Amino acid sequence: MKRTSVIYFLTGLTFAILWSSASIAGKFGLQSVEALTFFCIRFLVAGLLLLGYVHGIKRHRFPVGKEWFNVSVFGTFNTALYLGLFILALESVAAGITSLAIALNPLLISVLTSVWMKRKVMVQEWISIFLGIAGVAIATYPLLHSAHVSVHGLILIGLSMVVYSIGSVFYSSVIWSLSRIAINGWQVLIGGIVLLPFAAFSHQGGNNYDTNFWFSLLWLVVPVSIFAVQLWLRLLREDAVRASLWLFLCPIFGLAFSTFLLDEPFTVHTAIGATVVLLALYLGQHKR
């Protein structure tokens, strides 16, 4: 395996592990603080940390002209709308179930990419996408019959997947001259600012800023908002369709984390689904 292939593989694998942990950390954080309040704080803190580093220490330039529009659109879809809807869904849907919806992203991204960017999706990639969805459906099947899901939550998750796919394809369609870390910093901060009035409007009090809150916030800010998003942007710059296939691993890791940390069920369906997902990932990443 070539060095570039190894780096790409490790990038995708690390992204999937970190990204799948977000639902679990979110579940813990929501035990202490209201959903929108918790994640609004997360985005604002992550954005300020990133921008303090990129502009204060590294002295990278600020966005100019249309770049402000691009980072604003990306931040609105990739952070505010996607994670705002996702956060609300977490209140009524099991963390494992949210993993099932993530499997729709590769399909949505592929369709949007073929229409928006005129990028032809190969037959092998379509096979990989549908195999991945089937694998995730098998893995999460037992949870669909439990009390860990609601129709309201499923609708919110579906909407979050659509806006996330739009944000991903938009990012891939733009020719960026800003550094990835600057893009990430601004899009996260703008997403937090967009969510701020909604968090204030829905605030009901009773928040408990305890140790559970701070540990959850720390995990979501550093490994997820900073490192995982950086890895995702790097994958998207390579190819949006191939990058999206790594999302199939997120449900598998998410179910594993849910089993050990949240006592959610792990069954033979999970093992079978994981095998199908790995086959889908191999087909999608393997170049003819």
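This is a predicted model, so every value here is computed, not measured.

What counts as what
- Residues numbered from 1 in each chain as written.
- Predicted model: local features only at pLDDT ≥ 70, side-chain atom pairs only at ≥ 80, totals over all residues.
- Heavy atoms only, no water.
- Helix = DSSP H or I, 4+ residues; strand = E, 2+ residues; numbered from the N terminus.
- Buried < 20%, exposed > 50% of the residue type's maximum accessible area, 1.4 Å probe, protein only.
- Contact = heavy atoms within 4.5 Å.
- pLDDT = per-residue confidence, 0-100.
- Salt bridge = Lys/Arg side-chain N within 4 Å of Asp/Glu carboxyl O.
- Expected span 1.5 Å × (residues − 1).
- Axes fitted to C-alpha atoms, helices over the stretch in contact; angles between N-to-C directions.
- Parallel < 35°, antiparallel > 145°, perpendicular 65-115°, else oblique.
- Left-handed = near helix turned anticlockwise from the far one by under 90°.
- Nonpolar A, V, L, I, M, F, W, Y, C, P; charged D, E, K, R; others polar.
- Phe/Tyr/Trp six-rings, centres within 6.5 Å; stacked < 30°, edge-to-face > 60°.
- Lys NZ or Arg CZ within 6 Å of the ring centre and 35° of its normal.

Looking at the side chain of T37
By secondary structure assignment, the location of T37 is in helix α2 (residues 35-57). For T37, a relative accessible area of 12% puts it in the buried group. Non-local contacts of T37, meaning those with residues more than four positions away in its chain, are made with A199, H203, N207 and Y209.

Considerations on the environment of L233
Assignment of secondary structure puts L233 in helix α9 (residues 211-238). Linking L233 and S172, residues 61 residues apart in sequence, is a C-alpha distance of 8.8 Å. Leave out the neighbours within four places in its chain, and L233 touches F74, Y171, R180, I183 and N184.

Some words on the confidence of the model for the chain
With 89% of its residues at a pLDDT of 70 or more, the chain has an overall mean of 84. Between the elements of the chain, mean pLDDT differs from a low of 63, seen in helix α4 (residues 95-102), to a high of 93, seen in α2.

Details of the pattern of salt bridges
Summed over all chains, the structure comprises one salt bridge. Notably, a salt bridge pairs E67 with R61, separated by 2.7 Å at the nearest N-O pair.

Here's the deal with the environment of P251
Mapped onto the fold, P251 is located in helix α11 (residues 249-262). P251 gets classed as buried once you look at its relative accessible area, which sits at 1%. Note: C-alpha distance between P251 and A16 (235 residues apart in sequence) is 8.8 Å.

Notes on α2
A rise of 1.5 Å per residue sets the reference length of α2, with its 23 residues, at 33 Å; its end C-alpha atoms lie 32 Å apart and thus fit the reference within 8%. Directly beyond the C-terminal end of α2, a positive phi value near 60° is found at R59.

Comments concerning the packing of helix α7 (residues 151-173) against α9
Any two packed helices are characterised by the angle at which their axes cross and by the distance between the axes. Orientation of α7 relative to α9, taken along the N-to-C sense of each, is 60°, at an axis distance of 9 Å. Classified by the angle between their axes, α7 and α9 sit oblique to one another. As for how α7 packs across α9, the hand of that crossing is right-handed. Contact residues: Y164, S168, Y171 and S172 in α7; W232, L233, L236 and R237 in α9. Considering only residue class, the contact of α7 with α9 consists of five nonpolar, two polar and one charged.

So, the packing of aromatic side chains
On inspection of all chains with the given rule, the structure shows 18 aromatic pairs. With a centroid separation of 6.4 Å and 50° between ring planes, the pair formed by F39 and F43 is classed as tilted. Separated by four residues within a single helix, F39 and F43 lie in helix α2, roughly one turn from each other. Aromatic ring contacts, followed pair by pair, group F38, F39, F43, Y209, F213 and W214 into a single cluster. In this structure, R242 is placed above the aromatic ring of Y8, and the distance from its NZ or CZ to the ring centre is 4.5 Å.

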